[in-house]
Amino acid sequence: MADPSGKDIARMFEYAQNDRRQWEHHWQEVANLVMPSRQFTTKQTKGGQRRSRIFDDTATKSNIRLAAALHSLMVNPAIKWFNLITQDEQVNRQPEARAWLKFAGDHMLNIFNSPKSGFSTHIHEAFLDLPSFCTAIFMVLDGGDRTRFVSRPLSECFLVQDEEGVIVQIFRKYTMKVHELEARSVKSGWELSDKVREIISKRDDSPEDMNGEVEIVHYVYERESTHPYRKDGPNKPWASIYMDLSAKHVMKISGFNRNPFKTPRWSVAPGETYGRGPGIDALPSIKGLNVMKRTILEAGEKAVNPPILAPADGIDGAINTAPRSIIYYKQGVGNIQRDPIKALEVTRPQLGEAILELERQNVREMFFLDLMELPESDRMTATEVLERVQQRLGVMSPIIARVQAELISPAIEDTFVIEYEAGRIPQAPDSVIEAGMSIEYVSPLALAQRSSEATNILRLINAAAPLGPQALDDVFKSDDAIRELGGYYNVNPSLLRTAEETQQIQQDRQQMMAAQQAAATAKDAAEAASTAGLVEQGAA
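This is a predicted model, so every value here is computed, not measured.

K.L.:
I'm lost on the overall build of the protein chain in this one. Help?
P.N.:
Helix and strand content of the protein chain: 19 helices and 14 strands. In the protein chain, which comprises 540 residues, the share counted as buried stands at 38%. Within the protein chain, contacts between residues separated by at least 24 positions form 68% of all contacts whose residues are at least 6 apart in sequence. When the accessible surface of the protein chain is summed, it comes to about 31,100 Å², and 51% of that surface belongs to carbon and sulfur atoms.

See the structure below:
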């Protein structure tokens, strides 16, 4: 099936724009009060002041803290946050498979942690957009010598989903300067529109026109069919089309093996394409907070520098309220004792602080800050802390699962495919290929969600301890339990002995104990025989 023409793309893009138009009003309000670095319907001057509408920054700080918590708890670059495993536990224990899985996982973690890949920088931008605008745009690209990661502003991107709620079309609208388009045509073979070529041809007469901006639409969609024997750009599963929007002229047709756009959403209402979440849900409270804070600031200014009451006809000249100032009044007019100059009594601003703090706490809770912070108590055991963390993070399980499914897992999978096809990850063993690979998350957030199993094991050990070690050893596989706990706490597997090694140590220990017991029995027998001989000699 042929790719769409420029007119077809322009028509579909207009539909995507209309579908998003209602959201832009909400997003602009969120941008004004939560993320002033973003813009949608209002275009800000580069380098201009963007926080003029913010009087209370609780929402701004809450969004930053939640984004930092998601980054630290899900993809922390300082720790190992995922493992590659197979779906067959027996294969996972094979030395060859285990070594390959570890190498592949470590290689990908090195890419994620490398500053050159841009993962940590751009995933943080996505985590900032996700709670505030509830939809984020993140790209995984083949950079030739390495995998690259890029976050895109939501203002540039327009999404289309299918009946199952899966994003199947992405339009990205942005601008490029004429001289940049010229360079792209030379480097990548872009076919420029007649209008752009005319500007380039007249560069000597109007060199300033080379800095003129042209609106570009990058259209990515899943092709219904491709040529079975061709693997070039126009025959890859995902189409990539660059178009000059004003001219409706297609400049470049290529493709991707996988959709490079990852579009995580906080939560999605039925029938809607874009996400909803803390930034949009808390918008009424955020707007109220700003109004209240502004009112309290005005009340505080009046309390510190109140309006002045003075007789209408008793003052000579303007009233000067500066320190050490002198106010002149007219002699014989009024009575300065009876009608003195005095400050107008105003309401104390402290009265609104209690209500303001309640709204602040409400906004913090809507951004889940109360769930992300550890319980503060010096009388809690480690088990109690685990239980409390598990209860708190259980509320976020659906959101975490969605972020993993729409952002983290696709990014890991695409990175593996790019690195594997480039030969930077060696050929997988046959046992791994047959068993099939999967991702095991071992980030702090994933471990906290799985802590219930560790808690149950520890609870059983504590409950059975009063019965004595013999009773516990009769029914409890302590070596398997320790190995299981090591997995829950993300302990390096190389520090734990395998089941075979443990079995061999136990057999050696039993043989040693048997030998010691036999030696002790022989010694006792020899001593008994010697004693019996002495007794017989004495009797004789």
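Next comes the rest of the account.
K.L.:
When you look at helix α4 (residues 95–113) in this model, what are you seeing that I'm missing?
P.N.:
For an α-helix the count is 3.6 residues per turn, leaving residues at separations of three or four pointing the same way. In this model α4 runs 27 Å from its N-terminal to its C-terminal C-alpha over 19 residues, within 8% of the 27 Å that 1.5 Å per residue would give. Residues of α4 that are buried include every one of A97, W100, L101, A104, G105, H107, M108, L109, I111 and F112, and no others.

K.L.:
What is the right way to read the packing of aromatic side chains from this model?
P.N.:
What describes a pair of aromatic rings is the distance from one ring centre to the other and the angle between the planes of the rings. Scanning the model with the defined rule gives 22 aromatic pairs in all. Residues F13 and F158 carry aromatic rings whose centres are separated by 5.1 Å and whose planes lie at 85 degrees to one another, so their mutual orientation is edge-to-face. Pair noted here: F13 is in helix α1 (residues 6–33) and F158 is in strand β4 (residues 157–161), with a separation of 145 residues, a long-range link. Ring pairing ties together the aromatic residues W81, F82, F112, F119, F138 and F149, which thus form one cluster.

K.L.:
How should the side chain of Q404 be read in this particular structure?
P.N.:
Considering the arrangement of structural elements, one finds Q404 in helix α13 (residues 397–421). Ignoring any residue separated from it by four or fewer positions in sequence, one finds Q404 in contact with M74, S409, P410 and Y441.

K.L.:
How do you make sense of the sheet that holds strand β8 (residues 249–256) when you look at a structure like this?
P.N.:
Picture the strands of a sheet paired through backbone hydrogen bonds; they go either parallel or antiparallel. Taken together, the five strands give an open sheet; going across it, the order is β4-β5-β6-β7-β8, and neighbouring strands pair in antiparallel fashion. Edge positions in the sheet fall to β4 and β8, since each of these pairs with one other strand and no more. Neighbouring strand axes in the sheet, compared pairwise and without regard to direction, differ in orientation by 20 degrees on average. Direction of pairing for strand β5 (residues 167–177) relative to strand β6 (residues 213–222): antiparallel, over a ladder of nine bridges. Directly across from F171, in β6, lies its bridge partner Y219. α1 contacts β4, β5, β6, β7 (238–244) and β8 of the sheet and is inclined by roughly 95 degrees relative to β4. Contacting β5, β6 and β8, helix α6 (residues 178–188) runs over the sheet at an angle of about 120 degrees to β5.

K.L.:
What am I meant to see in the sheet that holds strand β2 (residues 137–142) here?
P.N.:
Ordered in space as β3-β2-β9, the three strands form an open sheet in which the pairing is antiparallel. Taken across any chain shown, the strands that pair with only one partner, and hence form the sheet edges, are β3 (147–152) and β9 (261–262). As paired strands, β2 and β3 are joined by six bridges and run antiparallel to one another. Its bridge partner lying in β3, M139 is registered against V150. Against the sheet, helix α5 (residues 119–133) makes contact with β2 and β3, and its axis sits at roughly 25 degrees relative to β3, the strand it touches most. Lying on the sheet, α13 is in contact with β2, β3 and β9; it crosses β2 at an angle near 10 degrees.

K.L.:
Explanation requested: the nonpolar core in the structure shown.
P.N.:
Nonpolar side chains in soluble globular proteins generally cluster together in the buried interior. Counting residues in hydrophobic clusters, the biggest one holds 96 residues, and the most contacted among them are W81, F82, F127, F138, F171, W266 and I408. Setting aside residues up to four positions removed in sequence, F138 forms contacts with F119, H122, I123, A126, F149, V150, S151, P260, F261, K262, L407 and A411.

K.L.:
How should the packing of α6 against helix α7 (residues 194–201) be read in this particular structure?
P.N.:
In helix packing, the relevant descriptors are the interaxial angle and the interaxial distance, both defined with respect to the helix axes. Close contact between α6 and α7 brings their axes to 10 Å; oriented N to C, the two are set at 100 degrees. In terms of axis orientation, α6 runs roughly perpendicular to α7. Here α6 contributes V178, L181 and E182 to the contact with α7, which in turn contributes V196, I199 and I200.

K.L.:
Would you take a moment to explain the pairing of β2 for this structure?
P.N.:
Burial within β2 is extensive, with five of its six residues counted as buried. Taking the residues that link successive antiparallel strands as the turn, the β2-β3 hairpin has four residues, and the phi of G144 there is positive, at about 90 degrees. As defined by bridge partners, β2 adjoins β9 across two bridges and the pair is classed as antiparallel. Bridge pairing in β9 places M139 opposite F261.

K.L.:
Where do I start with the pattern of salt bridges in this structure?
P.N.:
Side chains that differ in charge, positive against negative, can pair when their charged atoms come close. This structure, assessed with the given rule, holds 26 salt bridges. Across the pair E182 and R203 runs a salt bridge whose closest N-O atoms are separated by 2.2 Å. Residue E182 is located in helix α6, and its partner R203 is located in the loop between α7 and β6; the two are separated by 21 residues in the primary sequence. Note on E182: relative accessible area 21%, which makes it partly exposed. A salt bridge links E419 to R424, with the nearest nitrogen and oxygen atoms 2.6 Å apart. Each of the salt bridges in this network shares a partner with another, and the network as a whole consists of D56, E357, R360 and R364.

K.L.:
Would you explain unusual backbone geometry in this entry?
P.N.:
Most peptide bonds are trans, and most residues other than glycine sit at a negative phi. Phi at C134 is positive, roughly 70 degrees, even though this residue is not glycine. Mapped onto the fold, C134 is located in the loop between α5 and β2. Accessibility expressed as a relative area gives 0% for C134, which makes it buried. Phi is positive for F368, close to 65 degrees, though the residue is something other than glycine. Residue position: F368 is located in the loop between α10 (353–366) and α11 (369–372).

K.L.:
Mind showing me how you'd approach the environment of I200 here?
P.N.:
Secondary-structure assignment places I200 in helix α7. The spacing of I200 and M210 is ten residues in sequence and 6.8 Å in space, taken between C-alpha atoms.

K.L.:
What is the right way to look at the packing of helix α2 (residues 58–74) against α5 in this model?
P.N.:
At a closest axis distance of 9 Å, the pairing of α2 and α5 adopts a crossing angle of 130 degrees. Taken together, the axes of α2 and α5 are oblique relative to one another. As for how α2 packs across α5, the hand of that crossing is right-handed. Residue-level contacts link N63, I64, L66, A67, A68, L70 and H71 of α2 to S120, I123, H124, F127, L128, P131 and S132 of α5. In terms of residue class, the contact of α2 with α5 is made up of nine nonpolar, five polar and no charged.

Procedures and definitions
Residues numbered from 1 in each chain as written. Predicted model: local features only at pLDDT ≥ 70, side-chain atom pairs only at ≥ 80, totals over all residues. Heavy atoms only, no water. Helix = DSSP H or I, 4+ residues; strand = E, 2+ residues; numbered from the N terminus. Buried < 20%, exposed > 50% of the residue type's maximum accessible area, 1.4 Å probe, protein only. Contact = heavy atoms within 4.5 Å. Areas by Shrake-Rupley, 256 points an atom, 1.4 Å probe, with all protein chains shown as cover. Expected span 1.5 Å × (residues − 1). Phe/Tyr/Trp six-rings, centres within 6.5 Å; stacked < 30°, edge-to-face > 60°. Pairing = 2+ DSSP bridges. Axes fitted to C-alpha atoms, helices over the stretch in contact; angles between N-to-C directions. Core = buried A, V, L, I, M, F, W, Y, C linked by side-chain atoms within 4.5 Å. Parallel < 35°, antiparallel > 145°, perpendicular 65-115°, else oblique. Salt bridge = Lys/Arg side-chain N within 4 Å of Asp/Glu carboxyl O. Left-handed = near helix turned anticlockwise from the far one by under 90°. Nonpolar A, V, L, I, M, F, W, Y, C, P; charged D, E, K, R; others polar.

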